[in-house]
Amino acid sequence: MSFDVVVVGGGVSGAGLALVLGRLGRRVALVEAAGALLPLVRGFVREGLHFDTGFHYTGGLGPGGILARYFDCLGLSGLSPLPLDPEGFDRLRFLDPAFELCLPCGQARIRERLGAAFPAERGAIEAYLAAIDRAVAASPFLNPGRPLPQTLTFEASGPTLAGFLDGLGAGPLLAAVLSLHCLLHGTPPGEILLSDHARVVAGYLESAHGLAGGGAALARSFEQALAAQGTSLHLGREARAIVLSPAGAVAGVRLAGGEVLSAPAVAAAIHPRRLLGLVPEGVFRPAYRRRLHGLPSTPSASVLFGVLSGDPGPLAGKNLLLSPGIDVEAHFSPRTPPERRALYVTCGLEASADGRRAIEVIAPDYPSPAPGEDDKAGRLARLEARFAAACPELAPRVRFVDGATPRTFARLLNDPDGGLYGVRHAAEAPVPLPLTRLPGLFLSGQNVLAPGVLGAVVSAFVTASLMCGPEPVRRLLEKAQ
Ligand SMILES: Cc1cc2nc3c(=O)[nH]c(=O)nc-3n(C[C@H](O)[C@H](O)[C@H](O)COP(=O)(O)OP(=O)(O)OC[C@H]3O[C@@H](n4cnc5c(N)ncnc54)[C@H](O)[C@@H]3O)c2cc1C
C-alpha cells in the first residue's frame, strides 16, 4: 500500500498529526502498536465508573482557549469540557512547614490569592506571572493568530525555573508553591527552562477543565474524525523498521509480520529510544544515537484507582497536590524515599446515578533497578497508607479497585522507564528537534516539543508545518479563529 505519509504512533500527537496532514490533502497511514488509538489517555471502566490513565485535566479548554481552538482545527467534535472550580482548581498542600493554598484560575485572582499569602513577595509574584505571559507571547503556536515562522527555532536558552525564582529573591515557600506544577510536565525546577515550564502551565493558570467522559471521550472524538477523513488505520500493528530507498531516503515503514507501507515521508510520534530501534545502523551519527539513547526520563508513577462514595469534600472541583516538604526537586529523584515524594489526588467531576465517583491517587515512582522485580502489592499498600494519612476525611469512604506501577506505564508507554511525560525537557539535555538528518523522517509528540495533551497536539501542528510548509498550516489555524 502506498501513501504520502506514514505516521508511526497513534497517541494524541500521532493521531493529531494524521488529522492535520489529512486536512492538508495528504494520503496518510497511521500505525499504532496497541489495539486502539490513544491507548495512554483512553482509560478504563470498572464497576460502571470511568477511570482516567493519561488525561485528567488541562488548560486552554475554556471558550476561545488555545486547546479548544486546536481541537476545532483538528475537526474534533462531541467534546464537552467540564470546568474545575475557578476559585481553586488545585489545592496545594505542604506538610512541613504546614501551608495550604487553593490556586484559582486567572492572573488577577492568582495575583490576589498569592499576594495575600505572601504579602512581602508581591514583586516576585508579579514578575513570575509577567514571565509566564512573555513566554506564551513569544510562541507563535500558542498564539495562532500570529504568522508562523518560516523556519522553526526553539528557544533553548534563558534561566531555569529555579534559577529565575532564585534571581527574583523568592523565599523558599513561595518558590515551592510556584514550582509544584512541575508535576504537570515531569521535569524538576532546577532543570526545566522557565520558558518551557511557562508553555505548559500557562493554560492551566487561565482555565482548568476535564472532559465529560474523560480521556475515553477524547479518544472517541479522534477516532470519529480520523474515520470521517478516511485515514488508513493500522491498529495492533507495531512498526518494526523504517525502510530506505537505494538512495538512502525514507521509502516507508515495515510492520510486524513483514507488510510494508510505502511513503516518501514518515513521522514518528513515539519515544525517541524506540525510534532508534527502527532506523538502520549507520543512518544516524553515533553522537545523535547516544544522545537519543541517553535522554533522561520523567518520573513514572504508582497509581491507585478507587471508588468514592458520597461527597468529594476537599476534592470537589479540585485536585490535591500534596508535598511533604518544600524541596520540590526531591519529587523527581528515585533516591528520595517514597514517603517524601509528592502525592496527587484527583476525583471524577462526574458522579454515577448512585453518587459514586472515580478517585485516583498518583505518586511519582520509579521502576525497580532489578529486572523482573516490581513489588506491586507493596508499592500500592504504601500508597494507600499515605492516602489515608493525607485525606482522613475521605479514606473511610474509598474502596480501591485497581492499581498501576511503573511496570504498567512501561507497557502503556512502550518505554522501559515508563516516564509519565516521556523524556525530561531538561536545559542540559535538549530534546530532539522534529527534523532529522534522514530525508523524509520527522519526529512529533511530547518528547519533541512539550508534554501534556496540549503539547502533543501543538507538536502535531509544528511537525505538519515542517512537512507541508508553514503557510497551509497557518491557513488551517486561521479557520479556527
Ligand atoms: C498518569 C498520567 C497522567 C497524565 N495526566 C495528564 C493530564 O491530566 N493532562 C494532560 O494534558 N496530560 C496528562 N498526561 C500526559 C499526556 O497523556 C501525554 O503527554 C500525551 O498523551 C502524550 O502523547 P504522545 O502522542 O506524544 O505520546 P504517546 O501517547 O506515548 O503516544 C505514542 C504512541 O506510539 C505507540 N508506539 C510506540 N512505538 C510504536 C511502534 N514501534 N509502532 C507503532 N506504535 C508505536 C505507543 O503505543 C503510543 O500509543 C498524563 C500522563 C500520564 C501517564
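Residues numbered from 1 in each chain as written. Predicted model: local features only at pLDDT ≥ 70, side-chain atom pairs only at ≥ 80, totals over all residues. Heavy atoms only, no water.

Description of the domain arrangement of the protein
So, point 1. According to the domain assignment, the protein contains domain 1 (5-80 + 212-296 + 422-478), domain 2 (104-207) and domain 3 (299-420).
So, point 2. Its C-alpha centre places domain 1 at a distance of 26 Å from the equivalent point of domain 2.
So, point 3. On the side of domain 2, 25 residues touch domain 1, which itself brings 28 residues to the contact.
So, point 4. Taken over both partners, the interface formed by domain 1 and domain 2 buries close to 2100 Å², and the fraction arising from carbon and sulfur atoms is 68%.
So, point 5. Our count for the domain 1 to domain 2 interface comes out at one salt bridge. (Domains from an automatic or database assignment. Contact = heavy atoms within 4.5 Å. Buried area = accessible area lost by both parts, 1.4 Å probe. Salt bridge = Lys/Arg side-chain N within 4 Å of Asp/Glu carboxyl O.)

Focus on the site of the ligand
So, point 1. Lining the immediate surroundings of the ligand are 33 residues, of which Glu32, Gly54, His56, Gln446 and Gly452 lie closest.
So, point 2. The separation between an oxygen atom of the ligand and a polar main-chain atom of Val12 is 3.2 Å.
So, point 3. With respect to the ligand, the backbone of Ser13 contributes an N or O atom lying 2.9 Å from an oxygen atom.
So, point 4. Burial of the ligand by the protein amounts to 95% of the accessible area it has alone, namely 1000 Å².
So, point 5. Listing elements by their share of the shell around the ligand, those giving two or more residues are helix H1 (12-23), strand E2 (28-32), helix H12 (406-413) and helix H13 (452-468).
So, point 6. Broken down by element, the shell around the ligand gets its largest block of residues, three residues, from H13. (Near = heavy atom within 4 Å. Polar contact = N/O pair within 3.5 Å; in protein donor to acceptor, adjacent residues only side chain to side chain. Areas by Shrake-Rupley, 256 points an atom, 1.4 Å probe, with all protein chains shown as cover. Helix = DSSP H or I, 4+ residues; strand = E, 2+ residues; numbered from the N terminus.)

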